[in-house]
Amino acid sequence: QGLPACAPAWGPIADVGVLTTNAVARDSLAARLGAPALAARDALAMLERLLLQGLPGAAVLDFSWSALQRLLPTASAQRFAELREQTGQGDDEAEQDLRLRLAELAPEQARELVLHHLCREIAGILRLPADKLGPAQSVFDLGMDSLMAVELGLALERRFGIRVPPMLLNENPSIERIAERLLASLGPQQGTEEQDPTRLLVHGLLAQHEQASTPSLAAELATQVRETAESGARLIA
């Protein structure tokens, strides 16, 4: 009829619909959003406000930015700058300070610092006290599922400013094994050979499959990878 439409993007609603019979999904969404699902009356009140203001649409949900950004790969994009400022999440300087601090520490001290931050991230995702986590524990034995593993990978990328390999959490790893792999990724930042992406990929794959690596073996495999890629084959790591 030529009238304006209003299309709200509803977040989870707790007391009507599917979440009333699925407590697991309701609690999982609350954990990921950092806030409980909406009550139906609050959702309807927001609908009234949208209609009265003539807005064509808006996202309607409660959330905590610090929790939501863990699952949002584009959290560092410019369009979210205002949110980051409002919530004090602009941590680029903190990330750089952490990496500088790690570079200045002795190997054992650096390992302890990485373990500390890693346990904090895992505890936040699993809703467990960080001091209850043991380095030898498997993250999957603690209750981490595949979606949580993605969440942890994104959190670690933001925390340490590095790209976390997709296979970092494969093979039921312990917390200390993940820390070791992070330390390897945070290794020497100088030297063109060390920064060669193909060489780093080969080293990472060898480490993840617990294969002994020598400079000559890594160089040979890196050459094979480049030749395969140049031949038109698609590589998936």
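Coordinates for the structure precede this section.
Residues numbered from 1 in each chain as written. Predicted model: local features only at pLDDT ≥ 70, side-chain atom pairs only at ≥ 80, totals over all residues. Heavy atoms only, no water.

### Some remarks on helix α2 (residues 40-53)
To be explicit about the condition: Runs of H or I in DSSP of at least four residues are treated as helices and runs of E of at least two as strands, each being numbered from the N terminus. Expected span of a helix: the number of residues minus one, times 1.5 Å. When a residue's accessible area, from a 1.4 Å probe over protein chains only, is under 20% of the maximum for its type it is buried; when over 50% it is exposed; and in between it is partly exposed. The arc in question is the one traced by the directions running from the helix axis out to the C-beta atoms. Only heavy atoms enter the contact rule, under which two residues are in contact if any of them lie within 4.5 Å.
Its 14 residues give α2 an end-to-end C-alpha distance of 20 Å, which sits within 8% of 20 Å, the value for a rise of 1.5 Å per residue. Among all positions of α2, only A40, A43 and L50 are buried. In an axial view of α2, the angular spread of the buried residues amounts to 80°, which keeps them on one side of the axis. The outward face of α2, more than 90 degrees from its buried face, is lined by the exposed residues R41 and L52. Residues of α2 that are buried in the fold lie against β1 (9-10) and β2 (59-60). Following α2 by one or two positions, G54 adopts a phi angle in the positive range, close to 70°.

### Here we look at unusual backbone geometry
The backbone of R127 sits at a positive phi, close to 60°, despite the residue not being glycine. Following the sequence through the fold, R127 ends up in the loop between α6 (107-126) and α7 (146-160).

### Overview of the packing of α6 against α7
We count it as follows: Where helices are involved, their axes are fitted lines through C-alpha atoms of the stretch in contact, as for all axes, and angles between N-to-C directions lie from 0 to 180°. Angle categories are assigned with fixed cut-offs, so that under 35 degrees is roughly parallel, over 145 is roughly antiparallel, 65 to 115 is roughly perpendicular, and the rest are oblique. Whether a crossing is left-handed or right-handed is set by the direction in which the near helix is turned from the far one by less than a right angle, anticlockwise for left-handed and clockwise for right-handed. Side-chain classes follow a simple rule in which Ala, Val, Leu, Ile, Met, Phe, Trp, Tyr, Cys and Pro form the nonpolar group, Asp, Glu, Lys and Arg form the charged group, and the remainder, Gly included, forms the polar group.
Where α6 contacts α7, the axes come no closer than 10 Å and their chain directions differ by 140°. Taken together, the axes of α6 and α7 lie oblique to each other. Classified by chirality, the crossing of α7 by α6 is right-handed. Where α6 approaches α7, its residues V114, H117, L118, R120, E121, I122, I125 and L126 are matched on the opposing element by M148, E151, L152, A155, L156, R159 and F160. A breakdown of the residues in the contact of α6 with α7 according to their chemical character gives ten nonpolar, one polar and four charged.

### Side note on the side chain of H117
Locating H117 in the fold gives a position in helix α6. Apart from residues lying up to four places away in sequence, H117 is in contact with L98, R159 and F160.

### Some words on the pattern of salt bridges
As a reminder of what qualifies: We define a salt bridge as a contact between a side-chain nitrogen of Lys or Arg and a carboxyl oxygen of Asp or Glu at a distance within 4 Å.
Inspection of the entire model under this criterion finds five salt bridges. As a salt-bridge pair, E112 and R111 come within 3.4 Å of each other at their nearest N and O atoms. Residues R111 and E176 are paired through a salt bridge, measuring 3.4 Å at the closest nitrogen-oxygen approach. Residue R111 is located in helix α6, and its partner E176 is located in helix α8 (residues 175-185); the two are separated by 65 residues in the primary sequence. With a relative accessible area of 25%, E176 lands in the partly exposed category. Taken together, the shared-partner salt bridges in this structure form one network comprising E108, R111, E112 and E176.

Bear in mind that shape data such as this cannot, by itself, settle questions of function.
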